[in-house]
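# Fold and geometry: a report
Take a look at the letters that make up each chain.
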Amino acid sequence: ASGQLCEVIAQFGVRKLLVVTDKPLLELGLLDGSLASLNEHGIQTHVYSGVLPDPTEKVVDDGIAMLRQHDCDSVLAFGGGSSIDAAKVIALAFGNSLLAADCLGVKKCPRPGLPLFAIPTTAGTGSEATFIAVISDNQTHEKNSVVDPRIIPKAAALDPRIMQGLPAHITAATGMDALTHAIESYIGIWETDDTNYYGLASTKLVFDNLADACRDGSNLAARQAMALASFYGGLAITNALVGYVHAVSHNLGARYGVPHGLGNAMALPHVLEMLEGVAATKLAQIAVHTGLGERSESDAALACKVIDKVRALNAEIGIPETTDLIKGEDIDELVDAVIAEGYRYPTPRFFEREECRALIEKLRSPGAA
C-alpha cells in the first residue's frame, strides 16, 4: 500500500515533498523504502524528523520553516497520530502564510493548504481520516485543535507491513484509542447512519483482532484489521466527535505526558459505567453486533457485557488500571479541566463535578503522592 501511494503522489505532479516524521522511525529505517520509491518517481524528498509526541506549536513552526527553506510543494506524513497532526497543520499553515497558532480553532484559514498525503504507522488515531489536528501549547502543553475539512489527506496508505515491528504495548494503547473512537462516536448524540456503521465495524474489528496483534506483531491479517479499525474510527469521530474518555485522556496527557491511547484505555470502562443508564440501548446494539450477546437479552445485561469485554481486553493486552502519576494536589484542576472539555462534546449526558472527581480517583494508584 505504501508503494502504491508513492505512485499516486507522483500522479499528482508533486516535485518536492516534505516528509514529516519522528526521529526513531527515521533511524529504524522504516522510511527507506518509501523514500527510495518516491525518488524513483522523480520526486525530491526532504525529511523533517522533529516531531515529538503531542506536538507543540514550535514543532509545527519548525516544520514550516524547513518546508519554506526547500520550497516544497506538498507534504507526506509518515508516522503515528502526532506526525500526521503536525503534517496537517504544516501544510495548512504554509498554504496560508501563517504559523501554527494562527490556525487554532474552526476553519481559521481562508485558503487551502498544500496537498497532503499520509502513511500511518500505528493503528489508533485514525488521523488520516479526520479534519482535526491536535497541537499543544509550547509552555503549558494544553492541547488545542485545528478543525478544517481541508486538512484531510488527499490519499493515505494503510500498510500492515510497516506496523509489524510496533511493540506490543504501543499496539495495545493505540488499538484502544481506535476502540474509544468507535464507541464514543456510536453512543454520542451526533451520530449518523454513516458514523454508526463505521463505529460498529471498528468496534468488532478491535474486539476480534487487537489481542492477536499484541501477541504476534507479525500477524499481517490482525495488523490489517486494526489499520481498518483505526481508519473507520477516524471516519466516525470526524462527524460524531468523542466524549469524556477523551476529556480525561487529553488532560492526563497535557499534565503528565500519559500517552493518549493509554489514557483512553484506562478511562474507557469507567466512563461507560457512568453512562450505562443513558447509553444502555446503544451499548446493547454494540454487544449484539460484536457477538457478545443476543437480542433477547435486556439492554442492561448487554451493556454490562460490553463494559466487561473492555475490561477483559485491557487486562489481556496489559493496560494498567491506574497510574501513580496523578498527584492529589492536582485533582481539583484536573476535574475542572475535564468538566470544561466535556461540555464541548456531544456526550449522552454531562457529568457532575463529584462524578469527575471519583473517576480521576479511580485512575490514581493507591498510595500515590
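Described below are features of the structure shown in this document. (Residues numbered from 1 in each chain as written. Predicted model: local features only at pLDDT ≥ 70, side-chain atom pairs only at ≥ 80, totals over all residues. Heavy atoms only, no water.)

## What about the overall build of the chain?
We count it as follows: Helix and strand definitions here come from DSSP, where helices need a minimum of 4 consecutive H or I residues and strands a minimum of 2 consecutive E residues; each element is numbered from the N-terminal end. The globule rule used for comparison is 2.2 Å times the number of residues to the exponent 0.38, while the radius of gyration itself is calculated over C-alpha atoms. Summary of the burial criterion: residues with accessible area below 20% of their type's maximum are buried, those above 50% are exposed, and those between are partly exposed, where the area comes from a 1.4 Å probe applied to protein chains only. Note on contacts: a residue pair qualifies if any of its non-hydrogen atoms lie within 4.5 Å across the two residues. Residue exposure ignores everything except the shown protein chains as possible cover, and the areas themselves are Shrake-Rupley values with a 1.4 Å probe. Charge counting follows a simple rule: Lys and Arg are positive, Asp and Glu are negative, and His as well as the terminal groups are ignored. To locate a charge, take NZ of a lysine, CZ of an arginine, CG of an aspartate or CD of a glutamate.
In terms of regular secondary structure, the chain is built from 15 helices and eight strands. Relative to the compact-globule value of 21 Å for 369 residues, the chain shows a C-alpha radius of gyration of 20 Å, a close match. Once the C-alpha set of the chain is aligned to its principal axes, its extents read approximately 60 × 45 × 40 Å. The 369 residues of the chain split such that 55% are buried. Sequence separation of 24 or more characterises 77% of the internal contacts of the chain that already satisfy a separation of 6 or more. With an accessible surface of roughly 14900 Å², the chain has 52% of that area assigned to carbon and sulfur atoms. Each charge class in the chain was averaged separately, 29 positive and 45 negative side chains, and the resulting centres sit 3 Å apart.

## Notes on unusual backbone geometry
It is generally the case that most residues other than glycine have a negative phi and that most peptide bonds are trans. Phi is positive for aspartate 54, close to 50 degrees, though the residue is something other than glycine. Within the secondary structure, aspartate 54 is located in the loop between strand S2 (44–48) and helix H4 (57–70). Judged by its relative accessible area of 24%, aspartate 54 is partly exposed. The phi dihedral of aspartate 71 is positive, around 55 degrees, even though this residue is not glycine. For aspartate 71, the position within the fold is in the loop between H4 and strand S3 (74–79). Relative accessible area serves as the criterion here: at 55%, aspartate 71 is assigned to the exposed category.

## Thoughts on the layout of surface pockets
Quick note on the threshold: Think of a 1 Å grid over the protein atoms and nothing else: a 1.4 Å probe that fits but is trapped marks a cavity, an open set flanked by protein within 12 Å on at least five of seven lines marks a pocket, and residues with an atom within 4 Å of a point count as lining. Grid points are joined across faces, edges and corners, and a volume is the space filled by probe spheres set on the points. For this scheme, ten residues count as nonpolar: Ala, Val, Leu, Ile, Met, Phe, Trp, Tyr, Cys and Pro. Four count as charged, namely Asp, Glu, Lys and Arg, and the remainder, Gly too, count as polar.
Computed from the structure, the second largest pocket encloses a volume of approximately 170 Å³. Lining the second largest pocket are Met266, Pro269, His270, Arg311, Asn314, Ala315, Ile319, Pro320, Glu321, Thr322 and Lys362. Residue assignment for the lining of the second largest pocket shows that the elements contributing at least two residues are helix H12 (260–289) and helix H13 (299–316). By residue class, the composition of the lining of the second largest pocket is five nonpolar, three polar and three charged.

## Thoughts on the environment of proline 366
Residue placement: proline 366 occurs in the segment after helix H15 (353–363). When its relative accessible area of 77% is taken as the criterion, proline 366 is described as exposed. Sequence separation of proline 366 and threonine 322 is 44 residues, and the distance between their C-alpha atoms is 8.4 Å.

## Quick notes on the packing of aromatic side chains
Note the following rule: For Phe, Tyr and Trp, where Trp contributes only its six-membered ring, two rings pair if their centres lie within 6.5 Å, and the inter-plane angle classes them as stacked under 30 degrees, edge-to-face over 60, or tilted in between.
Following the criterion strictly, the structure yields six aromatic pairs and no others. With a centroid separation of 5.5 Å and an interplanar angle of 35 degrees, the aromatic rings of tyrosine 198 and tyrosine 232 are classed as tilted. You can see tyrosine 198 sitting in helix H9 (residues 193–215) and its partner tyrosine 232 sitting in helix H10 (residues 220–240), a full 34 residues away along the chain. On the numbers, 4.0 Å between centres and 10 degrees between planes, the contact of tyrosine 244 with phenylalanine 351 is stacked.

## Thoughts on H15
Stated formally: Picture the helix axis, draw a direction to every C-beta atom, and the arc is the one those directions span.
Those residues of H15 that sit buried are Cys356, Leu359, Ile360 and Leu363. The arc that holds every buried residue of H15, seen down its axis, measures 95 degrees, which confines them to one face. The secondary structure elements touched by the buried residues of H15 are helix H11 (244–256), H12 and helix H14 (331–342).

## Overview of the packing of H12 against H15
Formally: In this analysis, axes come from line fits to C-alpha atoms, helices being fitted only over the stretch in contact, and the angle between any two N-to-C directions falls in the range 0 to 180 degrees. By convention, the crossing between two helices is left-handed when the near helix turns anticlockwise from the far helix through less than a right angle, and right-handed when the turn is clockwise.
Between H12 and H15, whose axes approach to 10 Å, the crossing angle comes to 145 degrees. You can see that H12 and H15 cross each other, and the crossing is right-handed. Contacts between H12 and H15 pair Met266, Ala267, His270, Val271 and Met274 from the former with Glu355, Leu359, Lys362 and Leu363 from the latter. By residue class, the composition of the contact of H12 with H15 is six nonpolar, one polar and two charged.

## Observations concerning the environment of lysine 309
Along the chain, lysine 309 turns up in helix H13. Given a relative accessible area of 24%, lysine 309 falls into the partly exposed group. Expressed as a C-alpha distance, the spacing of lysine 309 and leucine 38, which sit 271 residues apart in the sequence, is 43 Å. In contact with lysine 309, not counting residues within four places along its chain, are Phe207 and Leu292.

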